[in-house]
Amino acid sequence: MPRFQRVKISVLGRYMLTDRREFPCQVLAMSPGDAMVIAPVSGSAGERVVAYLDNMGRIEGNITSVIDGGFEMDISATPRKRDKMAAQLTWLANRDVLNLPEDRRHERVVPDNRHSTVVLDDGRRYNCKIIDISLSGAAIELAVRPAMGTPVTLGRMRARVIRHFPDGVAVEFASAQEMLTVVQQNLRVS
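Computed from a predicted model, the values in this text were never measured in an experiment. (Residues numbered from 1 in each chain as written. Predicted model: local features only at pLDDT ≥ 70, side-chain atom pairs only at ≥ 80, totals over all residues. Heavy atoms only, no water.)

Caption draft 1: Region of the structure containing the overall build of the protein. Tallying secondary structure elements over the protein gives two helices and twelve strands in all. Secondary structure elements of the protein occur, N-terminal to C-terminal, as β-β-β-β-β-β-α-β-β-β-β-β-β-α. Of the contacts formed within the protein by residues at least 6 apart in sequence, a portion of 52% connects residues at least 24 apart. With an accessible surface of roughly 10200 Å², the protein has 52% of that area assigned to carbon and sulfur atoms. (Helix = DSSP H or I, 4+ residues; strand = E, 2+ residues; numbered from the N terminus. Contact = heavy atoms within 4.5 Å. Areas by Shrake-Rupley, 256 points an atom, 1.4 Å probe, with all protein chains shown as cover.)

Caption draft 2: Spotlight on the packing of aromatic side chains. Within this structure, the stated rule accounts for two aromatic pairs. Measuring from centroid to centroid gives 5.5 Å for Y15 and F23, while their planes differ by 35°, and the two rings are tilted. Of the two residues, Y15 and F23, both sit in the buried class. Judged by centre distance (5.4 Å) and plane angle (65°), the rings of Y15 and F71 are edge-to-face. You can see Y15 sitting in strand β1 (residues 7-17) and its partner F71 sitting in strand β6 (residues 70-74), a full 56 residues away along the chain. When sorted by exposure, Y15 lands in the same class as F71, which is buried. (Phe/Tyr/Trp six-rings, centres within 6.5 Å; stacked < 30°, edge-to-face > 60°. Buried < 20%, exposed > 50% of the residue type's maximum accessible area, 1.4 Å probe, protein only.)

Caption draft 3: View of the nonpolar core. Formed by 23 residues in total, the largest nonpolar core has its most connected members in Y15, V27, M30, V37, L53, I59 and F71. Setting aside residues no more than four positions away along its own chain, I59 makes contact with M30, V49, V50, A51, L53, M73, I75 and M85. Grouped together as the second largest cluster of nonpolar side chains are 16 residues, I133, I140, L142 and F173 included. (Core = buried A, V, L, I, M, F, W, Y, C linked by side-chain atoms within 4.5 Å.)

Dropping the structure here:
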């Protein structure tokens, strides 16, 4: 298997071990072929792991070694997925190094239904109003200001807080949605 250069990043997510237990995690270094994961439960070498990472989406592979406070894993992916991962990692690494503003890759629109909910990881739920939305994130009017980097769920989509402004926050979705209609459908409160 080809070796890839790891880049230092800080990406939050969740992972599942083979016994189907799920835990939060943070990836500190990653390449298109492997990742160093800080995790509350390490699993064991050779164990299969599936992770959902903010900005990266789903990755899967096997634990190659158990380290203090986590594990290292290889990543099973098609060449096309590895190319996409390399581009995402380059952007993430440069965004942190260059202190780039939020990524404006996608056109912003005002959704048909602007009312939704934000749920914090501890279960607290707040009504919100969507100011505008794109495939990669949203600006929302919200009565509270969760800390920068806080994971939230907007409607049914995982996101994290990336900016504060006077009437609310901007969030970045954990993985860019394929079509805006999917985004709008997922924002409806069930």
